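Take a look at the letters that make up each chain.
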Amino acid sequence: MPFVRIDALHADQSRLDALGNAVQDALVETIGIPPDDRFQVLVSHDGVSSTLRYDNFLGIHKDEGTVFIAITLRSGRSVALKQALYRRIAELAQEYAGTEPRNVLVNLIENEPVDWSFGNGVAQYVS
Amino acid sequence: MPFVRIDALHADQSRLDALGNAVQDALVETIGIPPDDRFQVLVSHDGVSSTLRYDNFLGIHKDEGTVFIAITLRSGRSVALKQALYRRIAELAQEYAGTEPRNVLVNLIENEPVDWSFGNGVAQYVS
Amino acid sequence: MPFVRIDALHADQSRLDALGNAVQDALVETIGIPPDDRFQVLVSHDGVSSTLRYDNFLGIHKDEGTVFIAITLRSGRSVALKQALYRRIAELAQEYAGTEPRNVLVNLIENEPVDWSFGNGVAQYVS
């Protein structure tokens, strides 16, 4: 169910894959997402026709290695679970893709069970 | 008002158009969106500089024909209307674009009337 | 904290930058975002491998100069502040990028403080 968008700069295919795996594994480990519950859009920007803009908000230095991770998921995860998720994403992004933890932005958007259809035109969570 | 993002793999322009039309027509038919209330971002991913990742969640087999559809719309649609919307999107994606219903992921994000400006710097729904 | 996606057609790098600056400056001026609190994904679509679809909803004429601006931010801004934000985005998009106000679509999605991690795997707003 989580729907994940990952945006990075000048990333090759293996780096995109590593980042996607980092987020998926973190979701599985921390908030109990089934391993095959994976829906990701992975995008590398060339800095010309598309790009990222960032600064050093809260004194956290960002550079070209910055990764933006936006996750849409059902509501109901506790503060503690979300904190565990952020921690694990940062750890695995470093381990799998060499991304420094300071460069990892994550934001979550919550919706409800009825807001998902995983195929066949059915709202599986409410059927 | 619905703001729609459609992501597909290796889609040519006519396929992107067909998918966009399928979603728009389904929104018009099922939840009463005006036909000219259309705001869509249609993206084909080349599988290298950008790509989709998916698996067989809930036993629904996905392949390279998978289409991710993310819709932001005002809150207030009933469960029944959302179910009708998913069903019609899947039907029309098959009819217009040859997309198999198993390959259609849809997720909805709801916001409020004040969260929209359709031009001229005005929040039309609350003005 | 606002996470901003800007989608335009046939935009070169300087136009993307101008649009990004317009939105950031408007956020700073109207709803008090710190100047360095900037997280933007700027995308130009070539009209073939990716594109925008739009119509003349509410009689507001859109053309190839259309810009779609989607902003995720924490909940809590008043109606008046959001109206001021839309107005200022339209003004600055025209001033910086020559975009006509009729061509500016904005939509907002709200989440909560716990839904943000700005780096280092920490939920800074709740820590």
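So, how was this worked out
- Residues numbered from 1 in each chain as written.
- Chains lettered and ligands numbered in written order.
- Predicted model: local features only at pLDDT ≥ 70, side-chain atom pairs only at ≥ 80, totals over all residues.
- Heavy atoms only, no water.
- 1 Å grid on protein atoms, 1.4 Å probe; cavity = no way out; pocket = protein on both sides within 12 Å on 5 of 7 lines; lining within 4 Å.
- Points joined across faces, edges and corners; volume = space filled by probe spheres on them.
- Nonpolar A, V, L, I, M, F, W, Y, C, P; charged D, E, K, R; others polar.
- Contact = heavy atoms within 4.5 Å.
- Buried area = accessible area lost by both parts, 1.4 Å probe.
- Salt bridge = Lys/Arg side-chain N within 4 Å of Asp/Glu carboxyl O.
- Polar contact = N/O pair within 3.5 Å; in protein donor to acceptor, adjacent residues only side chain to side chain.
- Helix = DSSP H or I, 4+ residues; strand = E, 2+ residues; numbered from the N terminus.
- Expected span 1.5 Å × (residues − 1).
- Buried < 20%, exposed > 50% of the residue type's maximum accessible area, 1.4 Å probe, protein only.
- Pairing = 2+ DSSP bridges.
- Axes fitted to C-alpha atoms, helices over the stretch in contact; angles between N-to-C directions.
- Least-squares fit on C-alpha atoms with pLDDT ≥ 70 in both.
- pLDDT = per-residue confidence, 0-100.
- Phe/Tyr/Trp six-rings, centres within 6.5 Å; stacked < 30°, edge-to-face > 60°.

Q: Sorry if this is basic, but what is going on with empty space enclosed by the protein here?
A: Unoccupied space between atoms shows up once a probe the size of one water molecule is rolled over them. For the structure shown, the criterion picks out one cavity of 30 Å³ or more. Reported here for the largest cavity is a volume of approximately 300 Å³. If you go around the largest cavity, you meet 21 residues; those closest to its centre are Arg5 of chain A, Arg5 and Ile109 of chain B together with Arg5 and Ile109 of chain C. Each residue belonging to the lining of the largest cavity can be placed in one class, and the counts come to 13 nonpolar, five polar and three charged.

Q: Just checking my understanding: could you explain the interface of chain B and chain A for this structure?
A: Size of an interface: often given as the accessible area lost when the parts come together. Taken together, the contact between chain B and chain A spans 34 residues of the former and 34 residues of the latter. Surface buried jointly by chain B and chain A totals about 2,800 Å² across both partners, of which 59% is contributed by carbon and sulfur atoms. Of all residues in chain B, Arg53, Phe57 and Tyr86 of chain B bury the most surface against chain A, accounting for 25% of the area lost on that side. Our count for the contact surface shared by chain B and chain A stands at three salt bridges. Inspection of the chain B/chain A interface yields 18 residue pairs in polar contact (both at pLDDT 80 or more). Residue assignment for the side of chain B that touches chain A shows that the elements contributing at least two residues are strand E1 (3–9), strand E3 (50–54), strand E4 (67–74), helix H2 (79–97) and strand E5 (104–111) of chain B. Looking at which element gives the most residues to the side of chain B that touches chain A, the answer is E5 of chain B, with seven residues. Counted by class, the side of chain B that touches chain A contains 17 nonpolar, eight polar and nine charged residues.

Q: How should I be thinking about helix H1 (residues 13–31) of chain A in this particular structure?
A: Side chains three or four residues apart in an α-helix point the same way, a direct result of the helix having 3.6 residues per turn. Here H1 of chain A is 19 residues long and its end C-alpha atoms lie 27 Å apart, about the 27 Å a rise of 1.5 Å per residue gives. By the burial criterion, the buried members of H1 of chain A are Arg15, Leu16, Ala18, Leu19, Gly20, Ala22, Val23, Gln24, Ala26, Leu27, Thr30 and Ile31 of chain A. Along its buried surface, H1 of chain A packs onto strand E1 (3–9), strand E2 (39–45), strand E4 (67–74) and helix H2 (79–97) of chain A together with E3 of chain B. Looking at the residues trailing H1 of chain A, positive phi occurs at glycine 32 of chain A, about 75 degrees.

Q: Help me understand the sheet that holds strand E5 (residues 104–111) of chain A in this model?
A: Think of a sheet as strands paired side by side through backbone hydrogen bonds, with each pair either parallel or antiparallel. With respect to topology, six strands assemble into an open sheet ordered E3(B)-E2(A)-E1(A)-E4(A)-E5(A)-E6(C), the strand pairing being mixed. Two strands lie at the open edges of the sheet, namely E3 of chain B together with strand E6 (116–117) of chain C, each paired on one side alone. In the sheet, E1 of chain A pairs with E4 of chain A via six bridges, with the strands oriented antiparallel. Bridging from a neighbouring strand, aspartate 7 of chain A pairs with phenylalanine 68 of chain A of E4 of chain A. Sitting on the sheet, H1 of chain A touches E1, E2 and E4 of chain A together with E3 of chain B, and the angle it makes with E2 of chain A is about 145 degrees. Most of the contacts of H2 of chain A go to E5 of chain A, to which it runs at about 140 degrees, and overall it touches E4 and E5 of chain A together with E6 of chain C.

Q: Looking at this structure, I do not really get the relation of the copies chain B and chain A. What am I missing?
A: Put simply, the second copy of the chain is the first one after a rotation about an axis and a shift along it. The two copies are related by a screw motion: chain B maps onto chain A through a turn of 120 degrees and a shift of 0.0 Å along the axis, at an RMSD of 0.0 Å. Put plainly, the chains are arranged around a three-fold axis. Residue isoleucine 109 of chain B of chain B places its C-alpha closer to the rotation axis than any other residue of that unit, at 4.7 Å. When you check the interface residues of chain B against chain A, a mere 6% turn up at the interface there too, and the two sides of the contact use different surfaces.

Q: I'm lost on the relation of the copies chain B and chain C in this one. Help?
A: The transform that puts chain B on chain C rotates by 120 degrees and translates by 0.0 Å along the axis, for an RMSD of 0.0 Å. When the interface residues of chain B are mapped onto chain C, a mere 6% of them again fall at the interface, so the copies present different faces.

Q: Mind showing me how you'd approach the confidence of the model for chain A here?
A: Detailed reading of the predicted coordinates is not advisable wherever pLDDT is low. For chain A, the average pLDDT comes to 98, and 100% of its residues sit at 70 or higher. For this predicted complex, the interface score ipTM comes out at 0.97, alongside a pTM of 0.98.

Q: Would you take a moment to explain the interface of chain B and chain C for this structure?
A: Counting residues at the interface gives 34 residues for chain B and 33 residues for chain C. Approximately 2,800 Å² of surface area, both sides summed, lies buried where chain B meets chain C, with 59% of it carried by carbon and sulfur atoms. Per-residue buried area on chain B facing chain C is highest for Asp36, Phe39 and Asp115 of chain B; these three make up 18% of the total on that side. Counting the contacts that link chain B with chain C gives three salt bridges. Between aspartate 17 of chain B and arginine 53 of chain C there is a salt bridge; the shortest N-O distance is 2.6 Å. Run the count over chain B and chain C and you get 18 residue pairs in polar contact (both at pLDDT 80 or more). Among the elements of the structure, E1, helix H1 (13–31), strand E2 (39–45), E5 and strand E6 (116–117) of chain B are those that each provide at least two residues to the side of chain B that touches chain C. Per-element accounting of the side of chain B that touches chain C gives the leading share, six residues, to E2 of chain B.

Q: What is the right way to look at the packing of aromatic side chains in this model?
A: Any aromatic ring pair is given by two values, namely how distant the centres are and how the planes are angled relative to each other. For the structure shown, the criterion picks out 21 aromatic pairs over all chains. Consider the rings of phenylalanine 3 of chain A and phenylalanine 68 of chain B, whose centres lie 5.6 Å apart with planes at 85 degrees: the pair is edge-to-face. One end of the pair, phenylalanine 3 of chain A, is in strand E1; the other, phenylalanine 68 of chain B, is in strand E4, on a second chain. Owing to a relative accessible area of 3%, phenylalanine 3 of chain A belongs among the buried residues under this scheme.

Q: Even after reading the chapter, I still don't get the layout of surface pockets, so can you show me in this structure?
A: Here the largest pocket defines a volume of roughly 550 Å³. Around the largest pocket sit 28 residues that line it, and Val43 and Ser50 of chain A, Val43 of chain B together with Val43 and Ser50 of chain C are the ones nearest its centre. Going through the elements one at a time, E1 and E2 of chain A, E1 and E2 of chain B together with strand E1 (3–9) and strand E2 (39–45) of chain C are the ones with two or more residues in the lining of the largest pocket. By residue class, the composition of the lining of the largest pocket is seven nonpolar, 12 polar and nine charged. The calculated volume of the second largest pocket comes to roughly 220 Å³. Around the second largest pocket, the lining comprises 14 residues; the ones closest to its centre are Glu110 of chain A, Ile109, Glu110 and Asn111 of chain B together with Glu110 of chain C.

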